[in-house]
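Overview (structure and organization)
Here is what each chain is made of, one letter per residue.
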Amino acid sequence: MASESELNAGIEDGVRRRDFINIAAVSFAGVGAVAVVLPLVNQMNPSADVLALSSTEIDISAIQPGQAIKTSWRKQPVFVRNLVAKEIAEAKAVPLGDLRDPQTIDERTKPGKENWLITLGVCTHLGCVPLGAAEGENRGDFGGYFCPCHGSHYDTAARIRKGPAPKNLVVPPYEFTSDTVVTIG
Amino acid sequence: MSFPWAKNYEPQQPLMKWLDEKLPLPRLVYNAIGAGYPVPRNLNYFWNFGVLAGAALAIQIITGIVLAMHYAANATVAFNSVEHIMRDVNAGWFIRYAHMNGASMFFIVVYLHIFRGLYYGSYKAPREMVWLLGVVIFLLMMATAFMGYVLPWGQMSFWGAQVITGFFSAIPIVGEPVREWLLGGFVPDNATLNRFFSLHYLLPFVILGVVILHIWALHIPGSNNPTGIEVKDEQDTVPFHPYYTAKDGFGLGIFLLIFVALTFFSPNALGHADNYIPANSLSTPAHIVPEWYFLPFYAILKAFTFNFLWIDAKLWGVIAMFGSIALLFFLPWLDSSPVKSSTYRPLYRIFFWILVVDVFLLGWCGMQPAEQPWVILSQLGAIYYFAHFLVILPIVSRIERPLPMPNSITEAVLAKHADTSSAATA
């Protein structure tokens with residue numbers, strides 16, 4: 001056992017050597033613990049093979065006006081829709097102030113290709129696939145898409161109009177590699 | 001701790017004496033669920049459900065360990081491995097159906113256990129910690145049941161995982177990264193299935209640990225009883241064994257009868273046909289419904305269809321749904337009435353029964369598509385649910401005038417006995 005005088009040796013302003021050793025040891029162990037926790041948490045993030053997102057090419061030549069197709073990119077559904085003039089006009093007629101997530105149809109399509117509406121088929125509420133891409137499916141109150149899970153209605157520019165979803169359907173990064181081929185990703 | 005008159009463990013056999021000196025495990029059991037635990041003499045059958053919940057947990061762990069010997073947690077083969085269990089594994093169909101329906105039975109008895117706690121004021125001082133640990137167990141059960149439902153990798157499994165993990169994307173800014181972290185991808189996939197299997201195997205043992213804490217915390221003040229009056233002396237109690245081991249044994253028999261009837265005669269009655277379709281990330285079932293035990297909470301989630309203040313509808317729904325359970329943590333302090341049992345609380349009793357009806361209404365709405373009149377009904381139901389705990393309960397517990405109460409459990413029992421015997425002679 002160390003005597004009282006030994007324990008108090010080197011006291012300056014009420015700080016003992018032992019205090020320094022305690023704090024240093026606990027801090028070092030703490031840094032070590034964090035260094036171990038980081039990979040344990042990070043292992044749950046998407047792995048390299050999941051992140052290696054291939055781009056998807058879509059041939060749109062067969063999609064007639066008024067029709068839509070469902071395809072997939074990064075395992076997520078993608079809707080490609082050939083809008084008719086009436087649907088574009090309907091989308092343009094809506095005042096931006098009425099929209100929950102205000103965006104014009106021009107911002108959601110490529111210049112000169114505004115009849116091609118390309119969005120993810122993932123409802124921005126809780127991720128269901130909305131209906132309306134296939135023939136005869138319910139397109140909701142605004143003629144676009146309708147999510148059956150919790151009743152979100154999207155319009156002909158796939159903008160949220162009614163129901164719990166907070167955002168418009170997401171427009172993925174894509175470009176027209178030719179008049180009939182679109183590359184997503 | 002126990003009451004001073006609790007019986008003492010006195011092993012007679014040399015082997016048990018030896019064991020008691022080295023590792024007093026039999027003593028622990030004796031004092032916890034044996035003759036060494038004095039329990040109020042007037043418990044009714046609602047007090048069976050704690051033991052039944054323990055039995056249900058045991059059934060789930062045993063059937064689950066066996067199922068894990070045959071199941072393959074890989075997105076390409078998971079669905080087929082479940083069918084392999086159903087068709088090829090010896091008695092596999094029985095074990096899987098027992099596990100499926102065992103989950104439902106677990107929730108049924110736990111809901112009745114919670115009902116008992118609410119009706120007889122078991123959550124109040126001195127049993128707040130018992131209640132808090134109970135809510136923790138309930139949350140763990142919900143997480144475990146959800147992840148278990150994902151494992152067969154059917155359509156409901158996949159879309160349930162998509163919707164539930166979607167809750168986290170409602171969190172501002174970090175929501176989407178959190179969701180991707182939980183899923184290990186952009187949609188539920190192999191990474192998701194693997195981690196859910198790992199956690200689904202782990203969590204029941206965590207539940208078991210919290211159950212032990214729950215019982216430990218209960219044994220400090222001892223069990224509540226239908227009068228809500230605390231035990232005053234020895235004549236208010238009887239030893240747990242043989243009195244309540246017998247009563248619980250009877251209840252366990254009834255529980256098992258219902259359980260096997262469900263398992264053998266209508267094993268899929270509480271499930272969804274869609275989950276026998278393999279998962280397809282490109283097609284959502286027309287109508288996504290969670291398992292029945294989540295329906296009231298699902299209805300609260302769906303009740304928010306409009307933005308309110310600066311928070312959007314999606315985040316409101318998620319906050320309300322988690323809030324509806326988190327609220328239970330504050331219950332012991334929201335209800336300030338010193339009277340525990342509803343028997344002596346005429347006003348609280350009325351609102352309590354309205355709450356029970358309200359939860360059934362929410363459950364019904366949770367099953368329905370997101371259309372009128374279900375949306376407005378779930379909105380009204382959600383408002384009442386929150387109003388009950390946050391407004392009605394604090395007010396009622398202050399203004400209510402309780403009915404006259406007996407002085408002790410024994411007095412209540414004898415008065416009841418006098419009533420029935422005088423009625424019999426008349």
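Structure: see above.
Since we're looking at a predicted model, the values are computed, not measured. (Residues numbered from 1 in each chain as written. Chains lettered and ligands numbered in written order. Predicted model: local features only at pLDDT ≥ 70, side-chain atom pairs only at ≥ 80, totals over all residues. Heavy atoms only, no water.)

**Structural notes on the overall build of chain B**
A count of helices and strands for chain B gives 16 helices and two strands. Its C-alpha atoms give chain B principal-axis dimensions of about 70 × 60 × 45 Å. Intrachain contacts of chain B at a sequence separation of at least 6 include 80% that bridge at least 24 residues. When the accessible area of chain B is evaluated, it comes to approximately 20100 Å², of which 73% is carbon and sulfur surface. Side-chain charges in chain B split into 22 positive and 23 negative, and the spacing between the mean points of these groups amounts to 5 Å. (Helix = DSSP H or I, 4+ residues; strand = E, 2+ residues; numbered from the N terminus. Contact = heavy atoms within 4.5 Å. Areas by Shrake-Rupley, 256 points an atom, 1.4 Å probe, with all protein chains shown as cover. Lys, Arg positive; Asp, Glu negative; His and termini not counted. Charge placed at Lys NZ, Arg CZ, Asp CG, Glu CD.)

**Points about empty space enclosed by the protein**
Applying the stated criterion across every chain yields a total of two cavities of 30 Å³ or more. Taken together, His150 of chain A together with Ala299, Lys302, Ala303, Thr305, Cys365, Pro369, Ala370, Trp374, Val375 and Ser378 of chain B make up the lining of the largest cavity. Only α11 (295-303) and α15 (374-399) of chain B provide two or more residues apiece to the lining of the largest cavity. When the residues that make up the lining of the largest cavity are grouped by side-chain class, the tally is seven nonpolar, three polar and one charged. The calculated volume of the second largest cavity comes to roughly 30 Å³. Sort the elements by how many residues they give to the lining of the second largest cavity and helix α7 (residues 155-166) of chain B lands first, with three residues. Of the residues belonging to the lining of the second largest cavity, the class tally is six nonpolar, three polar and no charged. (1 Å grid on protein atoms, 1.4 Å probe; cavity = no way out; pocket = protein on both sides within 12 Å on 5 of 7 lines; lining within 4 Å. Points joined across faces, edges and corners; volume = space filled by probe spheres on them. Nonpolar A, V, L, I, M, F, W, Y, C, P; charged D, E, K, R; others polar.)

**Quick look at a nonpolar patch on the surface**
Residue and element names in this part refer to chain B. A cluster of nonpolar side chains, contributed by Tyr45, Trp93, Phe94, Phe250, Ile254, Leu257, Ile258, Val260, Phe264 and Phe265, occupies part of the molecular surface with about 1100 Å² of accessible area. Those elements that place two or more of their residues in the nonpolar patch are α5 (92-119) and α10 (240-265). A total of seven residues in the nonpolar patch trace back to one element, the largest contributor, which is α10. (Patch = residues over 30% accessible without salt bridge, like charges linked within 9 Å, V, L, I, M, F, W, Y side chains within 5 Å. Salt bridge = Lys/Arg side-chain N within 4 Å of Asp/Glu carboxyl O.)

**Details of the pairing of strand β4 (residues 116-120) of chain A**
Within a regular strand, side chains alternate between the sheet's two faces. Summarising burial for β4 of chain A: five of the five residues are buried, a large majority. The alternating pattern of β4 of chain A places Trp116, Ile118 and Leu120 of chain A and Leu117 and Thr119 of chain A on opposite faces, both of which are buried. (Buried < 20%, exposed > 50% of the residue type's maximum accessible area, 1.4 Å probe, protein only.)

**Observations regarding the pattern of salt bridges**
Residues and elements named next belong to chain B. Evaluation of the coordinates by the stated rule reveals 19 salt bridges over all chains. With its nearest N and O atoms 3.9 Å apart, the salt bridge here joins Lys22 to Glu21. Residue Asp335 pairs with Arg345 through a salt bridge whose shortest N-O separation is 3.0 Å. Taken together, the positions of Asp335 in the loop between α13 (331-334) and α14 (346-367) and Arg345 in the loop between α13 and α14 put the pair ten residues apart, joining distant regions of the chain. Each member of the pair, Asp335 as well as Arg345, carries the same accessibility label: buried.

**Structural notes on the sheet that holds strand β1 (residues 56-59) of chain A**
All names here are of chain A. Spatial ordering of the open sheet is given by β1-β9-β8, a layout of three strands whose pairing is antiparallel. Unpaired on one side and paired on the other, β1 and β8 (174-176) mark the two borders of the sheet. Shown here is a sheet whose adjacent strand axes are inclined to one another by a mean of 20°, direction ignored. With three bridges joining them, β8 and strand β9 (residues 181-184) adopt antiparallel strand pairing. Following the sheet pairing, Tyr174 is matched in β9 by Ile184. (Pairing = 2+ DSSP bridges. Axes fitted to C-alpha atoms, helices over the stretch in contact; angles between N-to-C directions.)

**As for the interface of chain B and chain A**
Each side of the interface is counted separately: chain B has 32 residues, and chain A has 30 residues. For the pair chain B and chain A, the summed buried surface comes to about 2500 Å²; carbon and sulfur atoms form 62% of the total. In terms of surface lost to chain A, no three residues of chain B exceed Trp181, Phe186 and Leu282 of chain B, which account for 28% of the buried area on that side. Applying the counting rule to chain B against chain A returns one salt bridge. Between Lys75 of chain A and Asp189 of chain B there is a salt bridge whose closest N-O contact spans 2.7 Å. Our count for the contact surface shared by chain B and chain A stands at six residue pairs in polar contact (both at pLDDT 80 or more). Among the elements that line the side of chain B that touches chain A, the one with the most residues is α7 of chain B, at four residues. (Buried area = accessible area lost by both parts, 1.4 Å probe. Polar contact = N/O pair within 3.5 Å; in protein donor to acceptor, adjacent residues only side chain to side chain.)

**A closer look at the sheet that holds β4 of chain A**
Residue and element names in this part refer to chain A. Read across the sheet, three strands follow the order β2-β3-β4 without closing on themselves; strand pairing throughout is antiparallel. The sheet is open, and its two borders are formed by β2 (68-73) and β4, each paired with just one other strand. For this sheet, the mean angle separating the axes of adjacent strands, direction not counted, is 20°. The pairing of strand β3 (residues 76-82) with β4 spans five bridges and is antiparallel.

**Observations concerning the packing of aromatic side chains**
All names here are of chain B. If you walk through the whole model with that rule in mind, you get 41 aromatic pairs over all chains. Where Phe3 meets Trp5, the ring centres are 4.9 Å apart and the plane angle is 5°; that geometry is what we call stacked. The class for Trp5 is partly exposed, based on a relative accessible area of 23%. Consider the rings of Tyr119 and Tyr120, whose centres lie 4.8 Å apart with planes at 80°: the pair is edge-to-face. (Phe/Tyr/Trp six-rings, centres within 6.5 Å; stacked < 30°, edge-to-face > 60°.)

**What to know about the state of the cysteines**
Residues and elements named next belong to chain A. Applying the stated criterion across every chain, the model contains zero disulfides over all chains. The thiol of Cys123 is not disulfide-bonded; the next cysteine sulfur, from Cys147, is found 3.8 Å away. Assessed through its relative accessible area of 2%, Cys147 is described here as buried. (Disulfide = S-S within 2.5 Å.)

**Examining the side chain of Ser122 of chain B**
Mapped onto the fold, Ser122 of chain B is located in the loop between α5 and α6 (128-150). Side chain to side chain, Ser122 of chain B and Asn224 of chain B meet in a polar contact 3.0 Å long.

The values reported here are purely geometric and, on their own, carry no functional implication.
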